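The lines below spell out each chain.
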Amino acid sequence: MNTPLPRWQRRKDARPAEIIQAALTLFSDKGFAATRLDDVAKLAGVTKGTVYLYFENKEELFKAVVRETVVPALEFAETLVEEHQGAWSDLLWQLLSSWAERMEHATSSGISRLMIAEATNFPELARFYVDEVVVRSRRLFADVINRGIQSGEFREVDPMMAARAVTAPLVMIKVWKQSFALCDTEPVDLKAFARFHFDLLVQGLRHR
């Protein structure tokens, strides 16, 4: 009778993905500073040496987490923009509502909370996150607004300023919920707020 191989030997091809998933869970729950590679290895079911086999250090592991769990959603959204036919306000709502949904429920939303809390302590990681996620998200919304302007659906505005106006209120609500959820007697549903915010936004963007 053959003895089954250990999990980390039996699933060699899956190791990086399992390590990234474990790191995402710990980064989201504990933050960057408090997460140890020993804990990541334990949760992933591998040795610490195996973690180092794929990732040079904790910083590189964090970057991999962002690129594998956050960036794909941006890539998908960028494809939607390129392939879109129809009203740009419809696509703007689709992107805004899906973003609100991820912020509320996706495990990867813990990464944004982590960066808000720890950016000043890890400026290099903060710059990486801004370049890979924040700036890219802002340009995505600015592109939609600019295309709406070019089509005549939206009035002339600064697309980048408008993109900040699209994203900033949702980020603020998310930060508020994370900070004051236990004592806020009037909690706000993020998706419902996104709808209300969108309605106001589109009224300001459309030609009168």
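Residues numbered from 1 in each chain as written. Predicted model: local features only at pLDDT ≥ 70, side-chain atom pairs only at ≥ 80, totals over all residues. Heavy atoms only, no water.

Brief notes about the nonpolar core
The biggest cluster of nonpolar side chains holds 60 residues, and the ones touching the most others in it are Phe-62 and Val-66. Among the elements that make up this core, the one with the highest residue count is helix 9 (residues 123-151) (11 residues). Inspection of this core shows a minimum of three residues originating in each of domain 1 (7-66) and domain 2 (71-205). Val-66 has contacts with Val-71, Ile-111, Phe-128, Tyr-129 and Val-133, leaving out every residue within four places of it along the chain. (Core = buried A, V, L, I, M, F, W, Y, C linked by side-chain atoms within 4.5 Å. Buried < 20%, exposed > 50% of the residue type's maximum accessible area, 1.4 Å probe, protein only. Helix = DSSP H or I, 4+ residues; strand = E, 2+ residues; numbered from the N terminus. Domains from an automatic or database assignment. Contact = heavy atoms within 4.5 Å.)

Examining the domain arrangement of the protein chain
When its domains are assigned, the protein chain resolves into domain 1 (7-66) and domain 2 (71-205). Measuring from the centre of the C-alpha atoms in domain 1 to the corresponding centre in domain 2 gives 28 Å. Facing the 11 residues of domain 1 at the interface are 14 residues of domain 2. Each partner contributes to the roughly 1100 Å² buried at the junction of domain 1 and domain 2, and carbon and sulfur atoms together form 79% of this total. (Buried area = accessible area lost by both parts, 1.4 Å probe.)

Focus on the packing of helix 5 (residues 58-69) against helix 9
Where helix 5 meets helix 9, the closest approach of the two axes is 11 Å, and the angle between their N-to-C directions is 15°. For the element pair helix 5 / helix 9, the angle class is roughly parallel. Our pair here, helix 5 against helix 9, has a crossing hand that is right-handed. On helix 9, the residues that touch Glu-59, Phe-62, Lys-63, Val-66 and Arg-67 of helix 5 are Leu-125, Phe-128, Tyr-129, Glu-132 and Val-133. (Axes fitted to C-alpha atoms, helices over the stretch in contact; angles between N-to-C directions. Parallel < 35°, antiparallel > 145°, perpendicular 65-115°, else oblique. Left-handed = near helix turned anticlockwise from the far one by under 90°.)

Side note on the layout of surface pockets
Taken as a whole, the largest pocket spans an internal volume of roughly 800 Å³. As for the largest pocket, its lining consists of 37 residues, of which Trp-99, Ser-112, Tyr-129, Val-133 and Ser-137 are closest to the centre. Those elements that place two or more of their residues in the lining of the largest pocket are helix 6 (71-83), helix 7 (88-105), helix 8 (109-118), helix 9 and helix 10 (159-180). Of the residues forming the lining of the largest pocket, the biggest block, nine residues, is contributed by helix 9. Looking at the lining of the largest pocket residue by residue, the class counts come to 23 nonpolar, nine polar and five charged. (1 Å grid on protein atoms, 1.4 Å probe; cavity = no way out; pocket = protein on both sides within 12 Å on 5 of 7 lines; lining within 4 Å. Points joined across faces, edges and corners; volume = space filled by probe spheres on them. Nonpolar A, V, L, I, M, F, W, Y, C, P; charged D, E, K, R; others polar.)

Overview of the environment of Ile-173
Inspection of the secondary structure puts Ile-173 in helix 10. The class of Ile-173 is buried, set by a relative accessible area of 16%. Ignoring any residue separated from it by four or fewer positions in sequence, one finds Ile-173 in contact with Leu-190 and Phe-193.

Re the packing of aromatic side chains
Tallied over the entire structure, the rule returns seven aromatic pairs. Plain terms: the ring middles of Phe-32 and Phe-122 are 4.7 Å apart, the flat faces sit at 75° to each other, and that makes the pair edge-to-face. Here Phe-32 is found in the loop between helix 2 (15-30) and helix 3 (37-44), whereas its partner Phe-122 is found in the loop between helix 8 and helix 9, with 90 residues between them in sequence. In this structure Phe-32 comes out as buried when scored by relative accessible area, which is 1%. Of the residues examined, Phe-122 reaches a relative accessible area of 23% and is grouped as partly exposed. Pairing Trp-93 with Phe-198 gives two aromatic rings, centres 5.3 Å apart and planes at 45°, and the pair type is tilted. Here Trp-93 is found in helix 7, whereas its partner Phe-198 is found in helix 11 (residues 190-205), with 105 residues between them in sequence. What links up through ring pairs into an aromatic cluster is the set Phe-27, Phe-32, Phe-62 and Phe-122. Taking NZ or CZ as reference, Lys-58 lies 4.5 Å from the ring centre of Phe-32, over its face. Directly above the ring of Trp-93 sits Arg-195, whose terminal nitrogen or CZ lies 4.3 Å from the centroid. (Phe/Tyr/Trp six-rings, centres within 6.5 Å; stacked < 30°, edge-to-face > 60°. Lys NZ or Arg CZ within 6 Å of the ring centre and 35° of its normal.)

Points about the UniProt feature "DNA-binding region" (unreviewed entry) in the protein chain
Mapped onto the present numbering, the UniProt feature "DNA-binding region" (unreviewed entry) falls on residues 36-55. Secondary structure content for residues 36-55 is 75% helix and 0% strand, and the end C-alpha separation is 13 Å. (UniProt positions renumbered as here; feature names shortened; annotations may be inferred.)

So, the environment of Gln-21
Mapped onto the elements, Gln-21 comes out in helix 2. On the accessibility criterion, Gln-21 (41% relative accessible area) is partly exposed. As a C-alpha pair, Gln-21 and Ser-108 span 87 residues in sequence and 9.8 Å in three-dimensional space.

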